[in-house]
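Okay, here's what each chain looks like letter by letter:
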Amino acid sequence: MRRKKEERKTYDKVNMKPILKCSICNGEQVAGFKDLRTGKFEEVALICSGKDLEAFKKTYGIEEITKEY
C-alpha cells in the first residue's frame, strides 16, 4: 500500500484566526477559521477526539488554537 502524501494547507494568517468552536449544550467541537474583519466562522473539521484536533493543527501548521463557546 502506498501512503497518502500529507498535504499542508494554508489560510490567510492576517485576516483569519484558527478557532475551536465548542457547544455548551452537547460538547460538540468544530475546528475552523474566523474572519477577523466580519466575524464569520468557516467550519473545516468536526473534532471527535484529540487525534482529530492534532490532525487539523498539523494540516494547517497551527501550534495554538483558542476555544470559543
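Residues numbered from 1 in each chain as written. Predicted model: local features only at pLDDT ≥ 70, side-chain atom pairs only at ≥ 80, totals over all residues. Heavy atoms only, no water.

(A) Region of interest: the overall build of the chain. Within the chain, the regular secondary structure consists of one helix and four strands. Helices and strands in the chain line up, N terminus first, as β-β-β-α-β. By principal-axis analysis of the C-alpha atoms, the chain measures approximately 40 × 30 × 15 Å. Residues classed as buried in the chain amount to 28% of the 69 residues present. Residue pairs at least 24 apart in sequence account for 36% of intrachain contacts in the chain once pairs closer than 6 positions are excluded. Looking at the chain as shown, the accessible area adds up to about 5800 Å², and 48% of this sits on carbon and sulfur atoms. Taking the average place of the 16 positive charges on the side chains of the chain and the average place of its 12 negative ones, the gap between the two points comes to 5 Å. (Helix = DSSP H or I, 4+ residues; strand = E, 2+ residues; numbered from the N terminus. Buried < 20%, exposed > 50% of the residue type's maximum accessible area, 1.4 Å probe, protein only. Contact = heavy atoms within 4.5 Å. Areas by Shrake-Rupley, 256 points an atom, 1.4 Å probe, with all protein chains shown as cover. Lys, Arg positive; Asp, Glu negative; His and termini not counted. Charge placed at Lys NZ, Arg CZ, Asp CG, Glu CD.)

(B) The pairing of strand 1 (residues 16-22), seen in detail. For strand 1, the buried fraction is high: five of the seven residues fall into the buried class. Of the pairings in the sheet, the one linking strand 1 to strand 2 (residues 29-35) comprises seven bridges and is antiparallel in character. Across the sheet, K21 pairs through a bridge with V30, a residue of strand 2. Here strand 1 folds back onto strand 2 in antiparallel fashion, the turn holding six residues, of which G27 has a positive phi close to 80°. Taken together, the three bridges between strand 1 and strand 4 (residues 66-68) define a ladder with parallel strand orientation. Residue pairing in the sheet places K21 in a bridge with E68 of strand 4. (Pairing = 2+ DSSP bridges.)

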